[in-house]
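Here's the letter readout for the chains.
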Amino acid sequence: MKARVKWVEERTFVGESGSGHKVVLGTASSPDGKTPGPSPMELVLIGTGGCSAYDVVHILEKGREAIEDCVVELDADRAETDPKVFTRIHMHFIVKGRALSRDKVKRAIDLSIDKYCSASAMIAKTATLTHDFEIVDTTAR
């Protein structure tokens, strides 16, 4: 795996993945308080949620569950001193579908966090990871 990060100006950078996708990241604030993109640590948090969501969708699809959507809301704390690693991350999964099995959703999330998600495995070295979930049944819609 390869990636490249190029400084643009002030505290703005462009990251490019080995597959050619680009993302603007930075911490410099404009007068209205907006940044040009997520900070590097926000990207780590987003990546952790994305890694786990990918697993959950894949596992449920493989189990022939009628999944329609998966959202992961993340809430995290970081250390107050450098390096300001994550010390706590809570992941709240919102899984939508038709007549989803609660046991299968729970199993998919547990498997992701405990076995398959590489990002969660790395983050767990410094942070306490917790999670919960809710299921939104779309059968009646």
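About the thresholds
- Residues numbered from 1 in each chain as written.
- Predicted model: local features only at pLDDT ≥ 70, side-chain atom pairs only at ≥ 80, totals over all residues.
- Heavy atoms only, no water.
- Helix = DSSP H or I, 4+ residues; strand = E, 2+ residues; numbered from the N terminus.
- Buried < 20%, exposed > 50% of the residue type's maximum accessible area, 1.4 Å probe, protein only.
- Contact = heavy atoms within 4.5 Å.
- Areas by Shrake-Rupley, 256 points an atom, 1.4 Å probe, with all protein chains shown as cover.
- Lys, Arg positive; Asp, Glu negative; His and termini not counted.
- Charge placed at Lys NZ, Arg CZ, Asp CG, Glu CD.
- Pairing = 2+ DSSP bridges.
- Axes fitted to C-alpha atoms, helices over the stretch in contact; angles between N-to-C directions.
- Phe/Tyr/Trp six-rings, centres within 6.5 Å; stacked < 30°, edge-to-face > 60°.
- Lys NZ or Arg CZ within 6 Å of the ring centre and 35° of its normal.
- Core = buried A, V, L, I, M, F, W, Y, C linked by side-chain atoms within 4.5 Å.
- Parallel < 35°, antiparallel > 145°, perpendicular 65-115°, else oblique.
- Left-handed = near helix turned anticlockwise from the far one by under 90°.
- Nonpolar A, V, L, I, M, F, W, Y, C, P; charged D, E, K, R; others polar.
- Salt bridge = Lys/Arg side-chain N within 4 Å of Asp/Glu carboxyl O.

S.K.: Which residues make up the overall build of the protein chain, and what are the values?
M.R.: Across its full length, the protein chain carries 3 helices and 6 strands. Considering the protein chain as a whole, with its 141 residues, one finds that 30% of them fall into the buried category. Long-range contacts, defined here as pairs at least 24 residues apart, represent 52% of the contacts in the protein chain between residues at least 6 apart. A total of about 9,400 Å² of accessible surface is found on the protein chain, and carbon and sulfur atoms cover 54% of it. Across the protein chain, 20 positive and 21 negative side-chain charges occur, with their mean positions spaced 6 Å apart.

S.K.: A description of the sheet that holds strand β3 (residues 22-26) should follow, citing residues and the corresponding values.
M.R.: Strand order in the open sheet made by the 3 strands is β1-β2-β3, with antiparallel pairing throughout. Here the strands that pair on one side only, and so sit at the sheet edges, are β1 (3-9) and β3. Within the sheet, the average angular offset between the axes of one strand and its neighbour, ignoring direction, is 25°. Inspection of the sheet shows β1 paired to strand β2 (residues 12-17) by 6 bridges, in the antiparallel sense. What sits directly across from Lys6, in β2, is Val14.

S.K.: An account of the packing of aromatic side chains is needed here, citing residue identities and associated values.
M.R.: Evaluated as defined, the whole model comprises 0 aromatic pairs. For the cation-ring pair, Arg78 lies above Phe86, with the distance from its terminal atom to the ring centre recorded as 6.0 Å.

S.K.: Before we move on, could you go through the nonpolar core and cite the residues and values that matter?
M.R.: Membership of the largest hydrophobic core comes to 22 residues, with the highest contact counts inside it found for Val56, Leu60, Cys70, Phe93, Val95, Val105 and Ile109. If you list the elements that add at least two residues to this core, you get α1 (40-62), β4 (66-78), β5 (86-98) and α2 (102-116). When residues no more than four places from it in sequence are discounted, the contact partners of Leu60 are Glu65, Ile67, Val95, Lys104, Val105 and Ala108.

S.K.: Which residues make up the packing of α1 against α2, and what are the values?
M.R.: At a minimum axis distance of 9 Å, the contact between α1 and α2 shows a crossing angle of 135°. As far as their axial angle goes, α2 and α1 are oblique. Both α1 and α2 take part in a crossing whose hand is right-handed. From α1, Ser52, Asp55, Val56, Ile59 and Leu60 reach across to α2, where they touch Lys104, Val105, Arg107, Ala108, Ile109, Leu111, Ser112, Ile113 and Tyr116. Taken together, the residues of the contact of α1 with α2 break down into 9 nonpolar, 2 polar and 3 charged.

S.K.: Summarise the pattern of salt bridges; cite the residues concerned and give the values.
M.R.: Applying the stated criterion across every chain, the model contains 5 salt bridges. Residue Glu65 pairs with Lys104 through a salt bridge whose shortest N-O separation is 3.5 Å. One end of the pair, Glu65, is in the loop between α1 and β4; the other, Lys104, is in helix α2, with 39 residues separating them in the sequence. Classification of Lys104 as partly exposed rests on a relative accessible area of 40%. Two residues, Asp77 and Arg88, come together in a salt bridge whose shortest N-O distance is 2.6 Å. Of this pair, Asp77 sits in strand β4 while Arg88 sits in strand β5, and the two are 11 residues apart along the sequence. Take Asp77: its relative accessible area is 36%, and that puts it in the partly exposed class. Residues joined in a network through salt bridges with shared partners are Asp75, Asp77 and Arg88.

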